[in-house]
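What the coordinates show
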Amino acid sequence: MMINNHKTMKNLESIGKEPGFTVPDGYYDELYQKMMGKVAVEKQKTIHRKQILRFSLVTSAAAAVALFITVTVFLKTDQVNQMANNNPTIQVVKDSIQVTDQNVLAENQSQTLEESAITEEPVANKSEQPTGSNSVSTYEQLTDLNGVQSVVGFYEDDSHSDQFQETLMDLDFYYDF
Amino acid sequence: MAHPTDEYILEMFGSEKTKEQAFGLLMRKYNTEIYNSVRRIVYSHDDSDDIVQNVLIKVWKHLGSFRGDSSLKTWITRICVNESLTFIEKKKRMLQIDDEEYMERVISNIPDDTHFSSDQILQLVQKGIQMLPEKQRVVFTLRYYDEMPYEEMSKVLDTSVGALKTSYHFAVKKIEEFLAKH
C-alpha cells in the first residue's frame, strides 16, 4: 500500500507542480488599481456610516432622555394624586374648600337677588337669575310678577296703604310704585 | 523588489493616515498567492477575479481586527477558501444544479479556456483535481501546490491533522486513478 502511494506521488511529482493557468496581461496591476478605487469608496462609506451611527446615537439618547422625563413626570403626578386621595388631612382641606366655594356662591346669589329685587324692571332681570335650586325658588317667589301685582292690587286700596308700607319695611323690601 | 514584513504592514494599517498605503503593500505582496489559492478551487478566471475582489474587500474590512493568532498568510488563505466555497455553493444554487453537474460544467470548459495551458497533461491533472469534492480539492491544492504544513492547514480548515492527512491521501489516490484511466 505504501509502495503504491509512493509510486502515485512520484507520478504526480513527475508531472510537476505547475498550475497551468495563466492570467491576462497586466491583470495584477489592473486589480491593484481597481481595488484601491474600491477601498477609497469603502473608506468613504465607513466614514458616512460612522456619521450616521453617531447621529443615531445622539438622537436615540435625546429621545430616551425625553421619554424618561415624560414617564417620570407622569408617574410623579399620579403618585401625588394617589397620596392626596389617601391622605385624610388633604381630603378635609379639599372638602372645606368645596364648602367655602358653595357658601361664596350662595352669598353671591343672594346679593344678586337683592339687587334684582330693587330694580325697576324685575321682568328684565329675570333672565339674569343665578343658578342654584334654592336660590332660584326664592328668587322666583320674590320677583314673581303675578305675586307682586296681586300684592299691589291688594294695597291699591287706601285702607291697606299703611299696612302695605309697614309690610315692605318688615320685609326690608322696597318697590317704587 | 523585497516585500515589507507582515508586522510592518499591520503597523501601517493601524494608522488611519497610512491605512491605504499599507493595504497597497499587502496587495502587492499577496496578490498572486490569493489569486492562485482561489483559482485552484474554482478554476474559472472570471469567477476567480470576482472572488479575489471579495477576498480583498474582506481583508480591508477586517484586517484591523486581525488578532495575530496565526500568520497573516494563513488568515488570508482562510478567507480565500471560505469565499471560494461560498461562491461555488451560491453558483450551484443560482444555476439550480447539483455537485456533479457543476463539476461537469467546469471540466468541459477546461480545453477551451484561453487562460489555461494547452498542455494535455496539465489539463488532465486539472480535470482530475476538479473531479474531487470541494473540501478534498482544497486540502489537495493547499498541500500539493502551496506545500502548506498540516498544522497550518488545520488552522485554515478547522479540521484535525489526522483527518487532513486521510483526505489528502484519498485525493492523491483519486487523481492517480483518473490519470491512469485517461
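Refer to the preceding data block for the structure.
The text that follows walks through the structure, step by step, so that each part is easy to find.

**Concerning the environment of Val23 of chain A**
Tracing the chain through its elements places Val23 of chain A in the loop between helix H1 (2-15) and helix H2 (27-86). Judged by relative accessible area, which is 26%, Val23 of chain A ranks as partly exposed. If we ignore the near neighbours within four places in the chain, the residues touching Val23 of chain A are Tyr28 of chain A together with Tyr35 and His115 of chain B.

**Points about the interface of chain B and chain A**
Every contact between the two is made by 39 residues of chain B and, on the other side, 30 residues of chain A. Summed over both sides, the interface between chain B and chain A buries roughly 3,400 Å², with carbon and sulfur atoms accounting for 65% of that surface. In terms of surface lost to chain A, no three residues of chain B exceed Glu20, Gln53 and Tyr144 of chain B, which account for 17% of the buried area on that side. Here Asp49 of chain B ties to Lys34 of chain A by a salt bridge, and the two come within 3.7 Å at their closest N and O atoms. The interface formed by chain B and chain A contains nine residue pairs in polar contact (both at pLDDT 80 or more). Listing elements by their share of the side of chain B that touches chain A, those giving two or more residues are helix H2 (19-42), helix H3 (45-62), helix H6 (120-130), helix H7 (134-144) and helix H9 (161-181) of chain B. The element that contributes the greatest number of residues to the side of chain B that touches chain A is H2 of chain B, accounting for 11 residues. Looking at the side of chain B that touches chain A residue by residue, the class counts come to 18 nonpolar, 11 polar and 10 charged.

**What to know about the side chain of Ser48 of chain B**
Among the secondary structure elements, Ser48 of chain B is positioned in helix H3. Side-chain polar atoms of Ser48 of chain B contact the backbone oxygen of Ser44 of chain B, separated by 2.6 Å.

**Let's talk about a negative patch on the surface**
Together, Asp98, Glu100, Glu101 and Glu104 of chain B line one region of the surface with negative charge. Here Asp98 of chain B is to be found in the loop between helix H4 (72-95) and helix H5 (99-109).

**Some thoughts on unusual backbone geometry**
All names here are of chain B. With a phi close to 70°, Tyr43 is a non-glycine residue in the positive phi region. Structurally, Tyr43 is set in the loop between H2 and H3. Under the relative-accessibility criterion, Tyr43 is labelled buried at 2%. Even without being glycine, Asp158 reaches a positive phi, approximately 55°. With respect to the secondary-structure elements, Asp158 resides in the loop between helix H8 (150-157) and H9.

**Here's the deal with the packing of H4 of chain B against H8 of chain B**
When two helices pack together, their arrangement is given by the angle between their axes and by how far apart the axes lie. All names here are of chain B. One can describe the packing of H4 onto H8 by two numbers: an axis separation of 9 Å at closest approach and a directional angle of 50°. Comparing their axes, H8 and H4 come out oblique. Helix-helix and strand crossings are classified by hand; for H4 and H8 the assignment is right-handed. In this structure, H4 uses Thr74, Thr77, Arg78 and Val81 to contact H8, whose residues at the interface are Glu152, Lys155, Val156 and Leu157. Class assignment for the residues of the contact of H4 with H8 results in three nonpolar, two polar and three charged.

**Re the packing of H6 of chain B against H9 of chain B**
All names here are of chain B. The N-to-C vectors of H6 and H9 enclose an angle of 135°; their axes lie 9 Å apart at closest approach. It follows that H6 is oblique to H9 by the angle criterion. Seen along the crossing, H6 lies across H9 with a hand that is right-handed. Packed against H6, whose contacting residues are Leu124, Val125, Lys127, Gly128 and Ile129, the element H9 presents Ile175, Phe178 and Leu179 at the interface.

Parameters at a glance
Residues numbered from 1 in each chain as written. Chains lettered and ligands numbered in written order. Predicted model: local features only at pLDDT ≥ 70, side-chain atom pairs only at ≥ 80, totals over all residues. Heavy atoms only, no water. Helix = DSSP H or I, 4+ residues; strand = E, 2+ residues; numbered from the N terminus. Buried < 20%, exposed > 50% of the residue type's maximum accessible area, 1.4 Å probe, protein only. Contact = heavy atoms within 4.5 Å. Buried area = accessible area lost by both parts, 1.4 Å probe. Salt bridge = Lys/Arg side-chain N within 4 Å of Asp/Glu carboxyl O. Polar contact = N/O pair within 3.5 Å; in protein donor to acceptor, adjacent residues only side chain to side chain. Nonpolar A, V, L, I, M, F, W, Y, C, P; charged D, E, K, R; others polar. Patch = residues over 30% accessible without salt bridge, like charges linked within 9 Å, V, L, I, M, F, W, Y side chains within 5 Å. Areas by Shrake-Rupley, 256 points an atom, 1.4 Å probe, with all protein chains shown as cover. Lys, Arg positive; Asp, Glu negative; His and termini not counted. Charge placed at Lys NZ, Arg CZ, Asp CG, Glu CD. Axes fitted to C-alpha atoms, helices over the stretch in contact; angles between N-to-C directions. Parallel < 35°, antiparallel > 145°, perpendicular 65-115°, else oblique. Left-handed = near helix turned anticlockwise from the far one by under 90°.

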